Amino acid sequence: MHPAWSILLFTTIAGAAQGLVVALAVACLAGLALDGTFLAGSLAVSAVLLAAALLASFFHLGHKLRAWRAALMWRTSWMSREVIALPVFITLVVGWALAVAGGAGALWTHGVLPVLAIVMALVLWYCTAMIYACLRFIQEWAHPLTVINYTLIGLSSGLVLAGALGVLAGQGAFAGAVTPWALALTLAAWGTRTLALRRNAGLKPKSTLQSATGIRDPRITQRSMGLTGGSFNTREFFHHASLAVLRRTRLVFQVLGFAVPAALVALALFGGSGAALLLAVPVQFAGLLAERWFFFAQARHPQNLYYQFVS
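Presented here is an overview of the structure given in this document. (Residues numbered from 1 in each chain as written. Predicted model: local features only at pLDDT ≥ 70, side-chain atom pairs only at ≥ 80, totals over all residues. Heavy atoms only, no water.)

Before going further, it helps to examine the overall build of the protein chain. Of regular secondary structure, the protein chain possesses ten helices and zero strands. What you see in the protein chain, going N to C, is helices and strands ordered as α-α-α-α-α-α-α-α-α-α. Whereas a compact globule of 311 residues would reach a radius of gyration of roughly 19 Å, the protein chain reaches 21 Å, a difference of no more than 12%. Along the three orthogonal principal directions, the C-alpha set of the protein chain runs to about 70 × 45 × 30 Å. (Helix = DSSP H or I, 4+ residues; strand = E, 2+ residues; numbered from the N terminus. Rg over C-alpha atoms; globule rule 2.2 N^0.38 Å.)

Going through the model one piece at a time under the given rule, you end up with two salt bridges. R193 serves as the salt-bridge partner of E291, at 2.5 Å between the closest nitrogen and oxygen. With a gap of 98 residues between them, E291 in helix α10 (residues 274–298) and R193 in helix α6 (residues 172–201) connect regions that are remote in the sequence. Classification of R193 as buried rests on a relative accessible area of 4%. With a shortest N-O distance of 2.7 Å, E291 and R292 are connected by a salt bridge. Of the two residues, E291 and R292, neither departs from the other in class, the shared state being buried. Each of R193, E291 and R292 takes part in one network of salt bridges that share partners. (Salt bridge = Lys/Arg side-chain N within 4 Å of Asp/Glu carboxyl O. Buried < 20%, exposed > 50% of the residue type's maximum accessible area, 1.4 Å probe, protein only.)

Time to look at helix α5 (residues 144–168). End to end, α5 covers 37 Å across 25 residues, agreeing with the expected 36 Å (1.5 Å per residue, within 8%). In terms of burial, α5 is largely enclosed, as 21 of its 25 residues are buried. In the stretch just after α5, G170 is the one whose phi turns positive, near 75°. (Expected span 1.5 Å × (residues − 1).)

Here's what the structure looks like:
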């Protein structure tokens, strides 16, 4: 598949924002003393990130003024459900931030709203992941690990961001409570993503040139992409990157998205280095953008049996 930058940014930024909200919600439910200004400010950061992710997603639309129609097929489309869940989640986060800033009671700011925020974050992760996991003809995506990875990667990046915000705001207790979980979830996300890579590496295409054309000769080779000037098919369903680029990207995202952030979070946890936690945020963001690109590029659309190579 051909990855669109708008989708890469949307899934990466929104996932981190969801993870940040979950970290704040769990801290409130666990009774961790959080400064009201810090809590409201962190929720505002989450809302801004979610709004930026929503804006990025618009650039993938052919007719942006018709974006509202994306929600009409909610009975059958996971994308429509995501389109509904995201604004609901943003509204909930903004409402929670306003409730904290306005001095609302603890029952709402540290009870009801945090629970609702966790539920909606999980719903949004599930809807986003199922857009891809429900496509049975793309074997690389049609697996429960797709949902698991979207959730764990979002939690990992969100908790790293939460710890960094705690360091910046001087909230040492919050940063100290979040950092061990950030390390654990980063390692867990790395582990499940590695499982997905191993699974996908062993997949065999269900269709071949022989089954696609009806010609049983074992020596069929493709020399043309099927259209002399290219088409929507050749632009959208194949990335045109070499195998060497795919291999390098796979290495890059594992190093920058998981290994280095885990090392930096561990340094913050065991060495007391707040700067390491701050550095982990941009490093992980760059790595997860590469991970999202690879997620899409690795997927092999069956139509590429006809439209792939240029002679």
